[in-house]
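# Observations on chain architecture
In case you want the letters, here they are:
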Amino acid sequence: MRNKLKAFLVAATVFPVLSVVTFAHHGGAAYDTSKMTTVTGTVTDFEFTNPHVVINMDVKDPSTGKIEKWQGELTSPNHLVRAGWTKSTFKPGDEVTMSGAALKTGAPAMAIRKIMKNGEQISTGGGDN
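Residues numbered from 1 in each chain as written. Predicted model: local features only at pLDDT ≥ 70, side-chain atom pairs only at ≥ 80, totals over all residues. Heavy atoms only, no water.

Another point: the overall build of the protein. Scanning the protein from N- to C-terminus turns up two helices and six strands. Ordering the α and β elements of the protein from the N terminus gives α-β-β-β-α-β-β-β. Pairs at least 24 apart in sequence give 53% of the contacts found in the protein among residues at least 6 apart. Total accessible area on the protein stands at roughly 8500 Å², and carbon and sulfur atoms take up 59% of it. (Helix = DSSP H or I, 4+ residues; strand = E, 2+ residues; numbered from the N terminus. Contact = heavy atoms within 4.5 Å. Areas by Shrake-Rupley, 256 points an atom, 1.4 Å probe, with all protein chains shown as cover.)

Next comes the structure, spelled out in structure tokens:
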């Protein structure tokens, strides 16, 4: 009986701590959510993998004409599958416009809130359509 009580107390202490650490992963403090940033470019890589789907794009800077490597992060593949996505929703060479909260550091990356391909918005399953 005593060993069962010890095991229960350890589990009751460890599991809540682990769940807080796991849930903390989803913070958005790195992103500037006060404004939307929009970029249009060519998909170079589409990573339909856990924990987050990632779209990499080449975006031409309008002021310098130089190509910037942008990265957009979405939710999990499981969530996007329910919105109709597959591993072939995007492929290298696709022209895409993505909008979202850019990193506060100014690095060319964002948490995607809206994405368009061929002039049509593609649902991210978050009530964005």
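So, about the packing of aromatic side chains. One pass over the structure, following the stated rule, counts four aromatic pairs. A centroid spacing of 5.7 Å and a plane angle of 35° characterise the contact between phenylalanine 46 and phenylalanine 48, whose relative ring orientation is tilted. Look at phenylalanine 46 and you get buried, because its relative accessible area is 12%. Of the aromatic side chains, those joined through ring pairs into one cluster are Phe46, Phe48, Trp85 and Phe90. (Phe/Tyr/Trp six-rings, centres within 6.5 Å; stacked < 30°, edge-to-face > 60°. Buried < 20%, exposed > 50% of the residue type's maximum accessible area, 1.4 Å probe, protein only.)

In this structure, Ile55, Met57, Trp85, Phe90, Met98 and Ile115 are the most contacted members of the largest nonpolar core, which totals 19 residues. Those elements that provide at least two residues to this core are β1 (37-47), β2 (54-60), β4 (95-102) and β5 (109-117). Those residues in contact with phenylalanine 90 that sit more than four places away from it in its chain are Val43, Phe46, Ile55, Trp85, Val96, Ile115, Lys117 and Ile122. (Core = buried A, V, L, I, M, F, W, Y, C linked by side-chain atoms within 4.5 Å.)

Time to look at the pattern of salt bridges. Throughout the structure, instances matching the rule amount to three salt bridges. One salt bridge in this structure joins aspartate 94 and lysine 117, with 3.5 Å as the shortest N-O distance. Residue aspartate 94 is located in the loop between α2 (77-81) and β4, and its partner lysine 117 is located in strand β5; the two are separated by 23 residues in the primary sequence. Residue aspartate 94 shares its accessibility class with lysine 117, and that shared class is buried. Several salt bridges share partner residues, and in doing so they unite Lys91, Asp94 and Lys117 into one network. (Salt bridge = Lys/Arg side-chain N within 4 Å of Asp/Glu carboxyl O.)

Structurally, the position occupied by valine 53 is in the loop between β1 and β2. Given a relative accessible area of 0%, valine 53 falls into the buried group. For the pair valine 53 and asparagine 78, spaced 25 residues apart in sequence, the C-alpha to C-alpha distance is 9.7 Å. Those residues within four positions of valine 53 in sequence are excluded, and the remaining contacts are Phe46, Glu47, Phe48, Gly72, Glu73, Leu74, Thr75, Ser76, Pro77 and Leu80.

Its place among the elements puts isoleucine 115 in strand β5. As for isoleucine 115 and threonine 38, which are separated by 77 residues in sequence, their C-alpha atoms are 9.4 Å apart. In this view, isoleucine 115 contacts Ile55, Trp85, Phe90, Val96, Thr97, Met98, Glu120, Gln121, Ile122 and Thr124; residues no more than four positions away in its chain are not counted.

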